[in-house]
Amino acid sequence: MSLWLWIGLPLLFLLGLFLNAIKDMKQLEKQLPKYKDKIREVKDDDD
């Protein structure tokens, strides 16, 4: 039973981080159109 805890708890933690990152990405995608007028284009340096 202890082995399942050592395997399961870190996996649950990683799954939680992954789902939280997906949720934050979706929220960010909703907010981006508001700031589209404030984005300026960056010119590439050809070195």
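Refer to the preceding data block for the structure.
Small disclaimer: the values here were computed from a predicted structure and weren't measured. (Residues numbered from 1 in each chain as written. Predicted model: local features only at pLDDT ≥ 70, side-chain atom pairs only at ≥ 80, totals over all residues. Heavy atoms only, no water.)

S.K.: Any chance you could explain the overall build of the protein chain here in plain terms?
M.R.: Looking only at helices and strands, one finds one helix and zero strands in the protein chain. Dimensions of the protein chain, computed from the C-alpha atoms along their principal axes, are close to 55 × 35 × 10 Å. The buried share among the 47 residues of the protein chain stands at 0%. A total accessible area of about 5400 Å² is found for the protein chain, and carbon and sulfur atoms account for 65% of it. (Helix = DSSP H or I, 4+ residues; strand = E, 2+ residues; numbered from the N terminus. Buried < 20%, exposed > 50% of the residue type's maximum accessible area, 1.4 Å probe, protein only. Areas by Shrake-Rupley, 256 points an atom, 1.4 Å probe, with all protein chains shown as cover.)

S.K.: Would you take a moment to explain the environment of Leu11 for this structure?
M.R.: Along the polypeptide, Leu11 turns up in helix H1 (residues 2–31). Exposure remark for Leu11: the relative accessible area of 53% places this residue in the exposed category.

S.K.: For this particular structure, what's the right way to read the environment of Glu41?
M.R.: Checked against the element boundaries, Glu41 lands in the segment after H1. Remark: the alpha-carbon pair of Glu41 and Gly16, spanning 25 residues in sequence, is separated by 35 Å.

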